[in-house]
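# Working through the structure, step by step
Read off the chains here:
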Amino acid sequence: KKNGFLAGVIVMATPNAFSDILGKENKNKEKLISRGACISWSPKNLGSWLITKSIKWMVKNTEFRAFSAYSDPEAKELGTIYQACNFIYLGQKFGGAAQYFDPSKSKRGWFGAHGFNDRSQIKRYAKKLGIEWKPEWIRQVGTNKKSPTTKINWKNIPEDISTKIKNERTAHRKRCIKRKSPTKHKYIYILGQTKKETKKLKKLFDKHNPGVLELAYPSTRGK
């Protein structure tokens, strides 16, 4: 904040699919930097400062230790802010196999296949069908009570109801326009609560991602 006004914000989200970047046993320790913005009058370099401070806060107060971020070449993005924060570059080979566009909700823009499966969208399908949502249809993933990650608990949803919801999801997918998804740049930042933990995590990263540390930051923007 500056003079009592909000100058910038960072959104830490649950990845659509957890990676094994620190090994399968640590896959739930990843958070995705999904959104970030600073107002025009904010101090210089607030964006990089905010990312760094947000990561340190998350490490201190939660179980998360790996923080991933994407940049879209189609939007002429390089991920310059992540380079400034000394993120590790993972290459330009990431992104879903396809993107979708719903003509009835054009303001949403193009979205990945995960857009049909996230919790909020599944609840919308149920609401459209006149199905009353039950609290037990949501389950918590992981042990972090301060920032719980939740998913649909399909096992608790009666079979006839889950079939109706899934059929509505399929119908929605068919109504959408589909296109091939361009690959994106991906970055990762690894941090532990202590220097010892950080060193251990980076060793795990190097073990599971041989050669990645040698990748140079991209410098050419997409057309």
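Keep in mind that this is a model prediction, so the values were computed, not measured. (Residues numbered from 1 in each chain as written. Predicted model: local features only at pLDDT ≥ 70, side-chain atom pairs only at ≥ 80, totals over all residues. Heavy atoms only, no water.)

### Describing the pattern of salt bridges
Throughout the structure, instances matching the rule amount to 5 salt bridges. K128 is the partner of E168 in a salt bridge, and the nearest nitrogen-oxygen pair spans 3.1 Å. Of this pair, E168 sits in helix α4 (residues 159-175) while K128 sits in helix α3 (residues 119-128); the two residues are 40 residues apart in sequence, bridging distant segments of the chain. Judged by relative accessible area, which is 12%, E168 ranks as buried. Its relative accessible area of 56% is what places K128 among the exposed residues. For E168, the salt bridge goes to R175, with nearest N and O atoms at 3.7 Å. We classify R175 as partly exposed; its relative accessible area is 44%. Connected through shared salt-bridge partners, K128, E168 and R175 make up one network. (Salt bridge = Lys/Arg side-chain N within 4 Å of Asp/Glu carboxyl O. Helix = DSSP H or I, 4+ residues; strand = E, 2+ residues; numbered from the N terminus. Buried < 20%, exposed > 50% of the residue type's maximum accessible area, 1.4 Å probe, protein only.)

### Quick notes on a nonpolar patch on the surface
Among the surface-exposed residues, F5, I39 and W41 lie close enough to one another that they form a single nonpolar patch of about 320 Å² accessible area. Within the secondary structure, F5 is located in the segment before β1 (8-13). (Patch = residues over 30% accessible without salt bridge, like charges linked within 9 Å, V, L, I, M, F, W, Y side chains within 5 Å. Areas by Shrake-Rupley, 256 points an atom, 1.4 Å probe, with all protein chains shown as cover.)

### Regarding the packing of aromatic side chains
For the structure on display, the rule yields 10 aromatic pairs. Note on Y82 and F87: the rings are 5.2 Å apart at their centroids and 55° apart in plane angle, and the pair reads as tilted. Like F87, Y82 is buried. Ring plane angle 80° and centroid distance 4.9 Å describe the contact between Y100 and F116, whose orientation is recorded as edge-to-face. Within this pair, whereas Y100 is found in strand β5 (residues 98-101), its partner F116 is found in the loop between β6 (111-112) and α3, the two being separated by 16 residues in sequence. Pairwise contacts between aromatic rings join Y82, F87, Y89, Y187, Y189 and Y217 into one cluster. (Phe/Tyr/Trp six-rings, centres within 6.5 Å; stacked < 30°, edge-to-face > 60°.)

### As for the sheet that holds β1
Here we have 5 strands laid out as an open sheet, ordered β1-β2-β3-β10-β4, and mixed in their pairing. Of all the strands in the sheet, the pair left with one neighbour each is β1 and β4 (88-94). Here the strands of the sheet are splayed against their neighbours by 30° on average, with no regard to which way each runs. Lying over the sheet, helix α1 (residues 46-61) contacts β1, β2 (30-38), β3 (66-71) and β10 (184-190), oriented at roughly 45° with respect to β1. Where helix α5 (residues 195-208) meets the sheet, its contacts fall on β4 and β10, and the angle it forms with β10 comes to roughly 145°. (Pairing = 2+ DSSP bridges. Axes fitted to C-alpha atoms, helices over the stretch in contact; angles between N-to-C directions. Contact = heavy atoms within 4.5 Å.)

### A word on unusual backbone geometry
Positive phi values are uncommon outside glycine, yet N45 reaches one of about 65°. With respect to the element layout, N45 can be found in the loop between β2 and α1.

### Regarding the packing of α3 against α4
At a closest axis distance of 9 Å, the pairing of α3 and α4 adopts a crossing angle of 105°. As judged from the angle between their axes, α3 and α4 are roughly perpendicular. Contacts between α3 and α4 involve Q121, I122, Y125, A126 and K128 from the former and I165, E168, R169, H172 and R175 from the latter. Looking at side-chain class alone, the contact of α3 with α4 contains 4 nonpolar, 2 polar and 4 charged residues. (Parallel < 35°, antiparallel > 145°, perpendicular 65-115°, else oblique. Nonpolar A, V, L, I, M, F, W, Y, C, P; charged D, E, K, R; others polar.)

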